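Single-letter residue listing:
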There are 2 protein chains.
Amino acid sequence: MTSICSYLRPDIASMAGYTPGEQPKVGEILKLNTNENPYPPSPAALEAIGSFATPRGAELLRRYPDPVGVDFCKAAAGALGVRPENIIIGNGSDDILTILTRAFVPQGGTIVSPTPSYLLYETLARLQGARFVTVPFTDNWQLPDPWPQRGASITFLPNPNSPSGTVLSLDSIRRLTEQLNGPLIIDEAYADFADGNALELVREGLPVVVTRTFSKGYGLAGLRFGFAVADPTLISHLVKVKDSYNCDTISLAAATAAISDQHWLLENRRLVLATRARLANELANLGFEVTPSHANFVWCRHPSHPAPPLYTALKNEGILVRLMHYPPHAPGLRITVGTEAGTSRLLAALARLVG
Amino acid sequence: MTSICSYLRPDIASMAGYTPGEQPKVGEILKLNTNENPYPPSPAALEAIGSFATPRGAELLRRYPDPVGVDFCKAAAGALGVRPENIIIGNGSDDILTILTRAFVPQGGTIVSPTPSYLLYETLARLQGARFVTVPFTDNWQLPDPWPQRGASITFLPNPNSPSGTVLSLDSIRRLTEQLNGPLIIDEAYADFADGNALELVREGLPVVVTRTFSKGYGLAGLRFGFAVADPTLISHLVKVKDSYNCDTISLAAATAAISDQHWLLENRRLVLATRARLANELANLGFEVTPSHANFVWCRHPSHPAPPLYTALKNEGILVRLMHYPPHAPGLRITVGTEAGTSRLLAALARLVG
C-alpha cells in the first residue's frame, strides 16, 4: 500500500521545521529563553476570561466568534491612533506572518529578511515553496544602503530586531521602502518596549504592514493573539486569506480588555525597562559585550567565555536562556528580562561562571 | 506611490473569499444557520476556562502554550481508541484543512471534492493557487463508481456531508481510496451525530486523514478547536506545517476537559437526535422533501414553495436558516437542529408559510 507520506509536497517532506524555544512545565525552572513577559497580564484580561465560565459565557462559546473582531479593532484603533479598518486580527502574530506570506508570495517567489534575525521567516519561505534570502546587518546593526535585494515578493523587517534588540530609525525604514519593489512587513513584536514604532509609515501610505503581538508586551503568550496594521484595502484582501474564524471568542475578549488597559501596559513597560537597564549594566560589569536593547531581552557575548558552555551550565542550574549562533558571528546568549528576583538569580549564576 | 495591493498574488487579489454564515449579536434571533450546538458545552470545559482567571492561570497565560498539546492528545486518544501520536491539534478544523492543503497541494495542483458539499474547499484551493474540481454525488448521495478524478493532490470527503446530512459507508470510502492516487481527507465535522466514523480506516493504514471539530458535537464553536487523526509519520510532517503555537492554552485545557467528558457528549447527542427526528418528521408533514440526516441539521425543499422566499420570510421573523443553491439542484434550506423550543418556533413559522 502506498504510504500517505509519499503524497507530501517535496518541500514539506524534506524540511526540518521551526524549533520553538524549550517549554518546560511550570516549576522551578527560570525561563529566560522565549521573551515571555515576567509579570502576569492585565487583571482586566483575566476578568474577561473568567466571565466565560458563566451561562452567558457558555452561550457565547457555543456560537462562532466574530470573524473580524469588530470590538477588538475599535479598541486597538483607539489605543494606537489608527482606524478600525486598518486592523486585521490574528491567532498570534505568527498567524499574521503566515497570512501575509500566503497573500504576497507565489511558489518560487522570494522572501528576504536581514540577518541575524527571527528564524521563523525561513520556515515561512519553505512552507510556501519560496526562496529565502538574507541580507546581513552592518556591524552596528544598520541596513546596508543600497539594499541589495529589491525584488523580493515580501521583505520581513523585525524592529526591534531579535536577537540583537536593536532598532532602526524611521528614516532608514523609509529609505528601504523607496528601494523595494514589493511590500515591507515591519514585525513589531517587541515595539511595546521600544521608544517608537512605525505606525506613522502606514498613515503616510507607504507600502508597509506593521505586525504586533500580545505575547510580549501584554504578557499573554498563552492566549495566541496578534494583529496587523495596514492600508484598509489591503486589509480587506488579507481577510480573505485568513481562516474565517481565526481568533476565538475568549482571546478576542481578553485582548480587547488588555489593549484597553494602557495604564497596565505602561506600568509593565516601566518595570521591564528598569530591570533591562540593571541586567545590561551588571552583565557589562561581568565583562560581557552587551548590545544596547530596545526589547525585553538582551543579546550578549563574553570575550573569554564562549556562549555554548555558559548556556549548558545555566541550564544545569535550572536557568534557561537562548543560545543562538549566526555564523560568521560567534554564538551568543539572548536573555529575556525577567523579574528582579529572577534577574538576580541569573546574574549570581553568571558571576560564578565567569568570575 | 505604488499601492501595496498591487503586490498581491493575482489569485488572491481576484478572489471573492469564503462567506461564513451570518452571525448576529446575541439576542432574539433564532440562529439555525451555522450548525452550532443548541446546548451549552460541558460544565467541565467551562470550569477549565474559569480556572484561568486566577494567579496560576495568569502564570500559564504569560507563557507560550504546549505546541503539540500533549495532554489533549492523550485524552483524545483515550476517548477515540487511537494513539496520541495519531493526533495533530488545530485552531478549529478549518486550520487542520489549511494545514493539509499546504502539506499536500502544490501551486497548480488539484483539489477535488464531491458536490454539493462544504464551500470552504474551493476557497482553500484558490488560496493555494490550485485548481478546484467537483464530482457530483449520485441522485441518492452516493459516490460515482468509478471515481472520475483519481489524480488529485488532495480529495476532501465530508462525512456526514453538508448540506445533505447523508453518510457514506466505510466500504464505499475504502473503494474510493483504492482508486485515488493521493490522500483522502475525511472531514468528520458532524461525525458526533452519526452512527459510525472512519477512524478504523486510519487504523487499517489506508492513506486517509480524519478531521474533527469541537464546534458541533461539543458545543464550542467559539473556542476554535479541532484535530486530525492520521498515520504518526504523517502527523510529524504536518506538525512542521502548522503554526508552532496554533492552539492557545485556554482552548487546549477546555478541549481536554470536554473530550474527557464523553458522558456529556452522549447525552447531548441523545437530545439533538431526538429533536432531529421530530424536526424531520414535522417538516415532512408540512410537505417538505427531507433528506434523512446523520448530522445536526436537515436539508429540505418544498415542492410548491421555493426556498428563497421561505428563507426571507423566516429571516423577517427573526429565524435564520441557511439558503443554499447548488445548480442544477433547486435551492434548499439547511436547518440546524435547535432546542425543542427553537424547533417549535421554526415549525410554527413554516406551518404559517406553507400551510
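**Comments concerning the packing of helix α4 (residues 70-80) of chain B against helix α10 (residues 249-259) of chain B**
Residue and element names in this part refer to chain B.
So, point 1. Interaxial distance between α4 and α10 falls to 9 Å at its minimum, and their mutual angle equals 20 degrees. As the angle between them shows, α4 and α10 are arranged roughly parallel. Crossing angle aside, the handedness with which α4 passes α10 is left-handed. Taking contact as the criterion, the partners of D71, F72, A75, A76 and A79 in α4 are, on α10, L252, A255, T256 and I259.
So, point 2. Tallied by class, residues from the contact of α4 with α10 come to 7 nonpolar, 1 polar and 1 charged.

**Notes on the relation of the copies chain A and chain B**
So, point 1. Taken as rigid bodies, chain A and chain B are interconverted by a rotation of 180 degrees and an axial shift of 0.0 Å, the fit giving an RMSD of 0.0 Å. In symmetry terms, the pair is related by a two-fold rotation axis. When each C-alpha of chain A is compared by its distance to the rotation axis, G50(A) comes out closest, at 2.4 Å.
So, point 2. When the interface residues of chain A are mapped onto chain B, 100% of them again fall at the interface, so both copies present the same face.

**Here's the deal with unusual backbone geometry**
So, point 1. D145(A) connects to P146(A) through a cis peptide bond whose omega is 5 degrees.
So, point 2. For P146(A), the location among the structural elements is in the loop between β4 (131-136) and β5 (154-158).
So, point 3. Cis geometry is found at the peptide bond from S162(B) to P163(B), where omega equals 10 degrees.
So, point 4. With respect to the element layout, P163(B) can be found in the loop between β5 (154-158) and α7 (170-179).
So, point 5. For R224(A), which is not glycine, the phi torsion reads 55 degrees and is therefore positive.
So, point 6. Tracing the backbone shows R224(A) in the loop between β7 (208-213) and β8 (226-229).
So, point 7. Despite not being glycine, W141(B) shows a phi value in the positive range, around 60 degrees.
So, point 8. With respect to the helices and strands, the residue W141(B) is situated in the loop between β4 (131-136) and β5.

**Focus on the sheet that holds strand β6 (residues 184-187) of chain B**
Residue and element names in this part refer to chain B.
So, point 1. Reading across the sheet, the 7 strands line up as β2-β8-β7-β6-β5-β3-β4 and stay open at both edges, with mixed pairing between neighbours. Both edges of this open sheet fall to β2 (87-90) and β4, since each of them pairs with a single strand only. When the angles between neighbouring strand axes are averaged without regard to direction, this sheet yields 25 degrees.
So, point 2. As paired strands, β2 and strand β8 (residues 226-229) are joined by 4 bridges and run antiparallel to one another. Residue pairing across strands places I88 opposite A228, the latter belonging to β8.
So, point 3. Against the sheet, helix α5 (residues 93-104) touches β2, β5, β6, β7 (208-213) and β8, its axis set at about 155 degrees to β7.

**Brief notes about the interface of chain A and chain B**
So, point 1. Between chain A and chain B, the contact holds 75 residues from the first and 75 residues from the second.
So, point 2. Secondary-structure elements contributing two or more residues to the side of chain A that touches chain B are α1 (10-14), α2 (43-50), α3 (55-62), α5 (93-104), α9 (232-241) and α10 (249-260) of chain A.
So, point 3. Its residues assigned to classes, the side of chain A that touches chain B shows 38 nonpolar, 22 polar and 15 charged.

**Considering the pairing of strand β10 (residues 297-301) of chain B**
Residues and elements named next belong to chain B.
So, point 1. Taken across its 5 residues, β10 has 4 buried, putting it largely inside the fold.
So, point 2. Across 3 bridges, strand β9 (residues 289-291) lies against β10 in antiparallel orientation. Counted as the bridge partner of T291 is W299 from β10.
So, point 3. The sheet contact formed by β10 and strand β12 (residues 332-336) spans 4 bridges and is antiparallel.

**Overview of the nonpolar core**
So, point 1. One finds I49(A), A254(A), I49(B) and A254(B) to be the most contacted residues of the largest nonpolar core, which totals 224 residues.
So, point 2. Setting aside anything within four residues of it in sequence, one finds I49(A) in contact with I250(A), A254(A), I49(B), F52(B), A53(B) and I250(B).

**Re the packing of helix α11 (residues 262-285) of chain A against helix α13 (residues 340-354) of chain A**
All names here are of chain A.
So, point 1. Put simply, α11 and α13 touch, their axes get as near as 10 Å, and they point 10 degrees apart. Judged by the inter-axis angle, α11 sits roughly parallel to α13. Contact residues: T275, R278, L279 and E282 in α11; E340, T343 and L347 in α13.
So, point 2. Residues of the contact of α11 with α13, tallied by class, amount to 2 nonpolar, 2 polar and 3 charged.

**Some points on the sheet that holds strand β1 (residues 30-32) of chain B**
Strand pairs in the sheet, formed through backbone hydrogen bonds, run parallel or antiparallel to each other.
Residue and element names in this part refer to chain B.
So, point 1. The 5 strands are arranged β1-β11-β12-β10-β9 in an open sheet whose pairing can be described as mixed. Single-partner strands in this sheet number two, and they are β1 and β9. Geometrically, the sheet is characterised by an average inter-axis angle of 30 degrees between neighbouring strands, direction not taken into account.
So, point 2. Where strand β11 (residues 319-324) meets β12, 3 bridges bridge the pair, whose relative direction is antiparallel. Directly across from R322, in β12, lies its bridge partner R334.
So, point 3. Contacting β9 and β10, helix α11 (residues 262-285) runs over the sheet at an angle of about 10 degrees to β10.
So, point 4. Helix-sheet contacts for helix α13 (residues 340-354) involve β1, β11 and β12, and the interaxial angle to β1 is about 85 degrees.

The rules behind the values
- Residues numbered from 1 in each chain as written.
- Chains lettered and ligands numbered in written order.
- Predicted model: local features only at pLDDT ≥ 70, side-chain atom pairs only at ≥ 80, totals over all residues.
- Axes fitted to C-alpha atoms, helices over the stretch in contact; angles between N-to-C directions.
- Helix = DSSP H or I, 4+ residues; strand = E, 2+ residues; numbered from the N terminus.
- Parallel < 35°, antiparallel > 145°, perpendicular 65-115°, else oblique.
- Left-handed = near helix turned anticlockwise from the far one by under 90°.
- Contact = placed C-beta atoms within 7 Å.
- Nonpolar A, V, L, I, M, F, W, Y, C, P; charged D, E, K, R; others polar.
- Least-squares fit on C-alpha atoms with pLDDT ≥ 70 in both.
- Pairing = 2+ DSSP bridges.
- Buried ≥ 20, exposed ≤ 12 C-beta atoms within 10 Å, placed from the backbone.
- Core = buried A, V, L, I, M, F, W, Y, C linked by C-beta atoms within 7 Å.

Keep in mind these values describe shape, not function.
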